[in-house]
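These are the residues of each chain, in order.
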Amino acid sequence: MDIFLGTSLVDMYAKCGEMEDSRMVFDGMRKRNTVTWTSLIAGYARNGLGEEAIRQFRVMQRRRIAANNLTMVSILRACGLLGALQMGKEVHAQVFRNHVQGNIFIGSALVWLYCRCVNYSAASKVLQDMPLRDVVSWTSMISGCARLGHEQEALEYLKEMLGEGVDPNCFTY
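Keep in mind the model is a prediction, meaning the values are calculated, not measured.

S.K.: In this structure, what is going on with the packing of helix H6 (residues 85–97) against helix H7 (residues 104–116)? I would like to understand it.
M.R.: In a pair of packed helices, the angle between the axes and the distance between the axes together describe the arrangement. Look at H6 against H7: their axes get within 11 Å of each other, and the N-to-C directions meet at 155°. For the element pair H6 / H7, the angle class is roughly antiparallel. In the packing of H6 onto H7, the handedness of the crossing is left-handed. Where H6 approaches H7, its residues Leu85, Gly88, Lys89, His92 and Val95 are matched on the opposing element by Ile106, Leu110, Leu113 and Tyr114. Among the residues forming the contact of H6 with H7, the class breakdown is six nonpolar, two polar and one charged.

S.K.: I'm lost on the side chain of Thr172 in this one. Help?
M.R.: Positionally, Thr172 belongs in the segment after helix H10 (151–163). Thr172 gets classed as buried once you look at its relative accessible area, which sits at 10%. Among the polar contacts made by the side chain of Thr172, one reaches the side chain of Thr139 at a distance of 2.6 Å. Setting aside anything within four residues of it in sequence, one finds Thr172 in contact with Val135, Thr139, Ile142, Leu158 and Met161.

Conventions and cut-offs
- Within any chain, residue numbers begin from 1 and follow the written order of that chain's sequence.
- Totals for whole chains, interfaces and linings use all residues, but because this is a predicted model, local features are given only for residues with pLDDT of at least 70 and pairs of side-chain atoms are given and counted only at 80 or more.
- Note: side-chain values were computed over all heavy atoms of the structure, leaving out hydrogens and water.
- Axis definition: a line fitted to C-alpha atoms, limited for helices to the stretch in contact. Angles are taken between N-to-C directions and run from 0 to 180 degrees.
- Counting from the N terminus, the helices are DSSP H or I runs at least four residues long and the strands are E runs at least two residues long.
- Roughly parallel means an angle under 35 degrees; roughly antiparallel means over 145; roughly perpendicular covers 65 to 115; every other angle is labelled oblique.
- Handedness of a helix crossing follows the sense of rotation of the near helix relative to the far helix, less than a right angle counterclockwise being left-handed and clockwise being right-handed.
- Any two residues whose heavy atoms approach within 4.5 Å at even a single point are treated as in contact.
- Residue type decides the class: Asp, Glu, Lys and Arg count as charged, Ala, Val, Leu, Ile, Met, Phe, Trp, Tyr, Cys and Pro as nonpolar, and the leftover types, Gly among them, as polar.
- The cut-offs for exposure are 20% and 50% of the maximum accessible area for each residue type, with area from a 1.4 Å probe on protein chains only; residues under the lower value are buried, those over the upper are exposed, and the others partly exposed.
- A 3.5 Å cut-off defines polar contacts: any pair of N or O atoms within that distance qualifies, except that in protein one atom must be a possible hydrogen donor and the other a possible acceptor, and neighbouring residues in sequence count only when both atoms are side-chain atoms.

Here's what the structure looks like:
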């Protein structure tokens, strides 16, 4: 099967919530690339199957297949869903080693992960170290603060976000 067609099918089935079909196509492919693996991992994470996402990420690593930014965002999502802080820290270290910590999507995913794992200080540090922050990164921090009972800090982050000229959205409110 053509790798591009196979990858498209893996992604389509995953986005439709049909992970068994996605996996069947994936397993039937003779050749896979980073995008193929990422489609499967992202599908598992998106469908609340964080343990399987992490398991496939580890297989991907053992096979020395390079991860891309979307792979990292997806695995951070899986870690956050499971409250797998240690694994999240390992991924954060990989992000740092690969010099992609300035990526706004990865930064936002890290903020979300640390808030989800009740590590407010790490989330705050990641947010403050981001060279660019958008409504998603700010909202991740604001909602994380609110969820952790730090309402005053959430309002301070909202004020700082507005001061940077970033407009809140319905999720922020």
